[in-house]
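# Structural description and commentary
Residue strings, one per chain:
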Amino acid sequence: MGRTLSGSPRGAARGVSAGLPRGWATGARGALWAGVGLALFAAYILWSGPSGPLPRPAALDQALAAVGIGQRGSAAGGIVALLLACGIAAGALGTRTLGRKWGLLGEALAGEPQGRAITGADGRILWCNSAFVEIMADDKGEVFAGLFARAGDQDSAALLACLKETAQAGGATDGEFRMTVGDGSAKWLKMQARPLRGDPGCTLWCVEDVTSHREMEQVIAEERSRLVDFLDNAEIGFYAVDGAGVFEFANQAFGEWVGVPAESLVHNRRRLAEVIGGEGIDPDRPFSPFSKGLHGDHGEAIFRRADGGEFRADVIQTVAGDSGGGTLKVRAVVRDLSAEREFEQILESSEHRFRKLFEDAPAGIAILDSDGVVTDSNLAFRRIAAAAEDLSGRSVIELVAPDDRADLEARLAEAARGAATDEVLDVRLAGSEDGAAALYVTPLEDAQGAPLGVILHVFDTTQYRRLEERFTQSQKLQAVGQLAGGIAHDFNNLLTVMIGFCDLILQRHRPGEQTFADIMQIKQNANRAANLVRQLLAFSRQQTLQPKVLNITDVLAELSNLLRRLIGVNITFKVVHGRDLGLVKVDQVQLEQVIINLAVNARDAMKDSGGTLTLATANAEITEPVRRGADVMPPGRYVSISVTDTGTGIAKGDLDRIFEPFFTTKEVGAGTGLGLSTVYGIVSQTGGFVQVDSVEGEGTEFTIFLPLYEQTEEEREEAAAADSVAAAPAPAQDLSGVGTVLLVEDEDPVRLFGARALRNKGYNVLEAKNGESALAVIRQAAEPIDLVISDVVMPELDGPGLIREVRSLYPDMKVIFISGYAEDEFREALESEADIHFLPKPFSLDQLAGKVKDVLSG
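Just so we're clear, the structure is a prediction, and the values are computed from it rather than from any experiment. (Residues numbered from 1 in each chain as written. Predicted model: local features only at pLDDT ≥ 70, side-chain atom pairs only at ≥ 80, totals over all residues. Heavy atoms only, no water.)

The next thing to look at is the overall build of the protein. If you tally the helices and strands in the protein, you get 22 helices and 29 strands. A burial count over the protein gives 39% of its 858 residues as buried. Considering only residue pairs separated by 6 or more positions, the protein has 57% of its internal contacts joining residues 24 or more positions apart. Accessible surface, the protein: about 46,800 Å² in total, of which carbon and sulfur atoms supply 54%. (Helix = DSSP H or I, 4+ residues; strand = E, 2+ residues; numbered from the N terminus. Buried < 20%, exposed > 50% of the residue type's maximum accessible area, 1.4 Å probe, protein only. Contact = heavy atoms within 4.5 Å. Areas by Shrake-Rupley, 256 points an atom, 1.4 Å probe, with all protein chains shown as cover.)

Quick look at the structure:
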């Protein structure tokens with residue numbers, strides 16, 4: 001059986017029989033029988049011999065004598081022999097009991113899962129159980145053979161060497177090593193060596209296969225590593241502190257947030273209070289991150305970074321206490337709210353911007369549900385709907401006029417089903433006389449395209465409609481104005497001839513003659529026709545204005561007598577002058593025409609029942625724009641003239657049409673329909689505004705607002721000088737004169753009248769029918785021409801073109817234009833030409849002669 005630790009023969013003893021020395025149980029039985037035999041032999045000796053009952057040989061006697069038992073029947077020898085026999089028998093019996101115990105121990109060790117083996121001082125295996133053989137054997141059945149060669153790595157080989165040396169030295173040792181098996185895989189073994197105290201040099205070896213335990217430890221280590229990695233790299237902070245707030249654990253994320261490495265928090269025994277900001281922690285609860293007065297295990301806390309900055313975090317903590325109520329450990333989960341708060345701020349800012357854009361958008365926007373009920377709306381929408389309060393909960397159908405509701409309902413139903421259209425829907429607004437809006441209806445869908453409701457965009461088109469109506473009115477005025485201008489030009493030529501020749505005839509008759517009266521009738525009606533033409537021009541804003549600075553009080557004072565005679569005796573006339581009235585710059589004749597027209601309309605409204613006509617003036621300061629119809633009067637300082645009557649008033653349906661040309665409510669033949677349109681045209685051309693307020697059955701008030709004129713110092717001095725001259729009695733004007741005048745007129749009657757009138761006043765008159773003829777006359781004239789009187793509109797070369805040609809030859813030539821058109825019509829064509837005078841048609845003989853004398857003498 002001589003085997004060492006490094007090797008063992010094949011067929012090594014196994015099981016219980018292999019657990020004891022070979023023949024150990026058989027020897028015990030032989031000892032028993034030997035003891036019995038010795039006892040019998042001793043008895044034989046005691047009772048044998050010459051005198052004994054049994055004979056014995058002489059040789060036996062000699063042998064007994066040699067060991068001290070010489071005499072036959074010696075009592076001492078017999079006793080010794082008997083005792084020896086008894087000892088042998090007892091030893092045999094004890095050996096039998098010990099063998100039985102060894103058998104039981106062998107059976108117990110053989111059934112253990114751990115391998116057991118006993119080696120002697122020389123390293124030979126004295127005993128081993130089956131588990132030892134199973135664990136240690138290689139693929140060839142070897143137990144210790146090649147154990148060092150089968151070591152899984154250098155560390156395992158070094159451990160085996162250490163185990164061997166320690167065991168041989170009689171010491172106890174243990175360790176785990178990796179061993180490679182036959183299929184190339186590896187297993188982990190745990191081996192212990194313990195010396196046997198009763199048998200010096202013998203060693204008890206215990207071997208256990210711990211491969212599964214090692215694999216479990218590896219799995220646990222990997223899971224623990226993953227858990228640690230998860231904790232350290234999680235977006236959530238973790239920490240644990242004791243009852244005093246000293247850190248026992250912190251993950252990497254928490255350390256980064258507070259600016260202190262997690263290892264430093266734990267190893268340096270940093271306290272929770274060192275990383276808490278804001279008001280700090282509660283001194284009575286140093287383990288809690290919440291400030292004083294905030295108890296509980298969940299809430300927000302303010303942490304302080306190493307650089308002094310702070311951040312807010314959501315903290316959930318669990319507090320574990322011992323049986324005495326003392327705090328053992330606090331574990332906390334921390335969620336940094338910085339990004340969340342930043343996102344909330346961004347979201348809040350974005351929502352604020354959206355709400356700002358939504359609320360302050362110039363277009364009205366409303367969010368509707370599928371039934372057309374408003375869920376949200378902006379300021380512009382509420383303003384268009386004329387609603388002071390929130391419109392949520394109201395149906396948008398109620399906001400439009402009844403006639404347009406069916407179309408809106410159909411459009412909303414289509415949008416609620418997801419049908420989109422870019423067609424605009426024009427509607428009128430409910431509760432407004434002229435309110436209008438353009439609607440765009442768009443489906444509102446969620447991210448998946450499912451319908452949520454309707455978006456309604458509303459554009460206020462009230463002003464657009466008003467401008468459209470105003471433009472339409474302007475087109476009407478322009479069309480009628482063009483007609484009036486053309487008619488006025490022809491009429492003025494005719495009226496010039498009629499009035500002019502009446503003047504020539506009147507020079508040959510005396511006032512008392514019947515012929516003189518007849519001619520005066522003709523002239524007066526011609527003048528009436530001229531006034532009608534002026535009204536046409538005023539209505540079309542084509543009349544020639546000669547504005548000057550006026551005091552309205554003076555104008556009304558001069559006009560009062562005429563107005564009293566005009567309105568009749570059954571109407572009371574009142575004039576209320578405003579104090580410290582400002583000045584205006586208007587054409588006095590046109591302003592008087594406006595007042596007369598308004599007074600005549602007031603008289604006609606009170607002709608049956610009488611009443612009161614009141615003219616009132618005042619200073620007016622407008623601070624905000626005032627809208628009346630299509631006109632908007634801007635803020636500013638004005639002088640107002642109001643004409644108020646107590647007549648029948650104007651029907652509400654007629655108020656929007658009273659300024660239209662040829663519109664009248666009078667019976668046929670009682671009015672031309674140009675009175676108020678003339679008023680509107682003159683005031684508008686002057687830069688003023690007309691407003692009307694009327695209650696049917698109570699009366700009407702027309703108010704004219706003229707811009708207040710700020711007179712300069714130089715203008716005030718000139719006005720004072722003019723007043724002093726006007727105050728002096730004017731001598732009778734002598735209209736005769738001398739000089740050569742070239743009269744250019746394509747209308748023969750007008751040219752004939754003008755030439756005769758000027759010749760009668762002493763002038764030398766040259767005549768030309770058109771511009772080309774006039775140039776020829778100028779070039780062929782034997783004497784210088786002092787003045788050129790020319791019509792404006794002529795075939796081929798017109799008046800302005802003629803004057804440019806004349807001025808190129810005679811730059812200082814004096815010029816008077818005569819025309820039935822407004823002066824502004826030809827002023828633009830003259831460009832930079834200066835010193836041009838104008839005499840509008842129709843004109844009388846005295847007006848023509850006076851104008852010529854003024855120009856030649858000036």
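Another point: the pairing of strand β1 (residues 115–119). Counting buried residues in β1 gives five out of five residues, a clear majority hidden from the surface. Here β1 shows a buried face lined by G115, A117 and T119 and a second buried face lined by R116 and I118. With five bridges connecting them, β1 and strand β5 (residues 203–209) associate as antiparallel partners. Within β5, the position partnered with I118 by the bridge is L204. Strand direction decides the pairing type here: β1 and strand β2 (residues 125–128), joined by three bridges, are antiparallel. Across the sheet, A117 pairs through a bridge with C128, a residue of β2. Turn length for the β1-β2 hairpin, with the two strands adjacent in sequence and antiparallel, is five residues, and the turn residue G123 shows positive phi of about 90°. (Pairing = 2+ DSSP bridges.)

So, about the nonpolar core. Counting 38 residues, the largest nonpolar core has I552, L591, L598, L613, L615, F702 and L706 as the members making the most contacts within it. Non-local contacts of L613, meaning those with residues more than four positions away in its chain, are made with I567, I571, T572, F573, K574, A599, A602, M606, V643 and T644. One finds Y239, F290, F303 and F311 within the second-largest nonpolar core, a separate group that totals 24 residues. (Core = buried A, V, L, I, M, F, W, Y, C linked by side-chain atoms within 4.5 Å.)

The subject of this paragraph is the pattern of salt bridges. Opposite charge on two side chains allows them to pair when their charged atoms are near. Using the criterion set out here, one finds 25 salt bridges in the structure. Here D404 and R428 are joined by a salt bridge, their closest N and O atoms 3.8 Å apart. Taken together, the residues D404 in the loop between α10 (379–384) and α11 (405–416) and R428 in strand β13 (residues 425–428) connect sequence positions 24 residues apart. Linking D748 and R751 is a salt bridge whose minimum nitrogen-to-oxygen distance equals 2.9 Å. Note that D748 and R751 are positioned in helix α18 (residues 748–760) at a spacing of three residues, about one turn of the helix. Relative accessible area serves as the criterion here: at 12%, R751 is assigned to the buried category. (Salt bridge = Lys/Arg side-chain N within 4 Å of Asp/Glu carboxyl O.)

Taken as a whole and judged by the stated rule, the model has 12 aromatic pairs. Between Y638 and F705, the aromatic rings sit 6.2 Å apart at their centres with planes inclined by 85°, giving edge-to-face as the arrangement. Linking Y638 in strand β22 (residues 636–645) with F705 in strand β24 (residues 699–707), this pair joins segments that are 67 residues apart in sequence. Residue Y638 shares its accessibility class with F705, and that shared class is buried. Through a chain of ring-to-ring contacts, three or more aromatic side chains come together here, namely Y239, F247, F254, W257, F303 and F311. The residue whose ring lies beneath R214 is W188, and the NZ or CZ to ring-centre distance is 3.8 Å. (Phe/Tyr/Trp six-rings, centres within 6.5 Å; stacked < 30°, edge-to-face > 60°. Lys NZ or Arg CZ within 6 Å of the ring centre and 35° of its normal.)

Residue P842 is bonded to the preceding K841 through a cis peptide linkage, with omega at -5°. Relative to the helices and strands, P842 is located in the loop between β29 (836–840) and α22 (845–857). You will see that R269, though not glycine, has its phi angle at about 55°, which is positive. Residue placement: R269 occurs in the loop between α8 (262–267) and β8 (298–304). The residue E796 is not glycine, and still its phi comes out positive at about 60°. Along the polypeptide, E796 turns up in the loop between β27 (787–791) and α20 (799–809).

If you walk across this open sheet you meet the five strands as β2-β1-β5-β4-β3, and the pairing is antiparallel. Strand pairing shows two members of the sheet lacking a second neighbour, β2 and β3 (173–180), which therefore form its edges. When strand polarity is set aside, the average angle formed by the axes of neighbouring strands in this sheet is 25°. Together, β3, β4 (186–195) and β5 form the strand contacts of helix α5 (residues 154–168), whose direction differs from that of β3 by roughly 140°. Contacts from helix α6 (residues 211–233) reach β3, β4 and β5 within the one sheet, and its direction differs from that of β4 by about 120°. (Axes fitted to C-alpha atoms, helices over the stretch in contact; angles between N-to-C directions.)

Here the focus is the packing of helix α19 (residues 771–780) against α20. It is at 10 Å that the axes of α19 and α20 come closest, and there the two elements cross at 20°. One finds that α19 runs roughly parallel with respect to α20. Like other packed secondary-structure pairs, α19 and α20 cross with a definite hand, here right-handed. Each of G771, A774, L775 and I778 in α19 lies in contact with α20, whose residues at this interface are L802, E805 and V806. (Parallel < 35°, antiparallel > 145°, perpendicular 65-115°, else oblique. Left-handed = near helix turned anticlockwise from the far one by under 90°.)

On to the packing of α18 against α22, then. Between α18 and α22, the least distance of the axes is 10 Å, while the angle of their chain directions is 65°. When you trace α18 past α22, the crossing you get is right-handed. Taken together, the residues of α22 that come into contact with α18 (itself represented by F753, G754, A757 and L758) are L845, L848, A849 and V852. Considering only residue class, the contact of α18 with α22 consists of seven nonpolar, one polar and no charged. (Nonpolar A, V, L, I, M, F, W, Y, C, P; charged D, E, K, R; others polar.)

An α-helical turn contains 3.6 residues, so any two residues separated by three or four positions project in the same direction. Taking 1.5 Å of rise per residue, 12 residues should cover 16 Å, and α11 covers 16 Å from first to last C-alpha, within 8% of that figure. Buried within α11 are the following residues: L408, R411, L412 and A415. Axial view of α11: buried residues confined to an arc of 100°, hence all on one face. Those residues of α11 hidden inside the fold are in contact with β11 (364–368), β13, β14 (436–445) and β15 (451–460). Phi turns positive one or two residues past the end of α11, at G418, with a value near 95°. (Expected span 1.5 Å × (residues − 1). Arc of directions from axis to C-beta.)

Considering every residue of the protein, the mean pLDDT works out to 78; 77% of them sit at 70 or more. Counted against residues more than four places away or in other chains, residues 1–28, with its pLDDT under 50, gives 45 contacts. Of the regions scoring below 50 in pLDDT, residues 725–730 engages in zero contacts with residues more than four places distant in sequence or in other chains. (pLDDT = per-residue confidence, 0-100.)

In this fold, D242 is placed in the loop between β6 (237–241) and β7 (247–250). Nearest to the buried, unbridged D242 among oppositely charged side chains is R269, at 4.3 Å. A distance of 3.0 Å separates a polar atom in the side chain of D242 from the backbone nitrogen of A244. Excluding anything up to four places from it in sequence, D242 contacts E248, R269, F287 and L328. (Lys, Arg positive; Asp, Glu negative; His and termini not counted. Polar contact = N/O pair within 3.5 Å; in protein donor to acceptor, adjacent residues only side chain to side chain.)

On the surface, a cluster of nonpolar side chains totalling about 370 Å² of accessible area is made up of F491, L494, M498 and I522. Per-element accounting of the nonpolar patch gives the leading share, three residues, to helix α12 (residues 462–506). For I522, the location among the structural elements is in helix α13 (residues 514–539). The partly exposed category is assigned to I522, whose relative accessible area is 44%. (Patch = residues over 30% accessible without salt bridge, like charges linked within 9 Å, V, L, I, M, F, W, Y side chains within 5 Å.)

Okay, the sheet that holds strand β28 (residues 814–819) next. Spatially, five strands are ordered β26-β25-β27-β28-β29 in an open sheet, and the strand pairing comes out parallel. The outermost strands of the open sheet, each flanked by one partner alone, are β26 (764–768) and β29. For this sheet, the mean inter-axis angle between neighbouring strands, taken without regard to orientation, is 20°. Sheet topology note: the β28/β29 ladder contains five bridges and is parallel. Each bridged residue has a counterpart across the sheet, and for S819 the counterpart in β29 is P840. Of the strands in this sheet, β25 (740–744), β26 and β27 are in contact with α18, which crosses β26 at around 170°.

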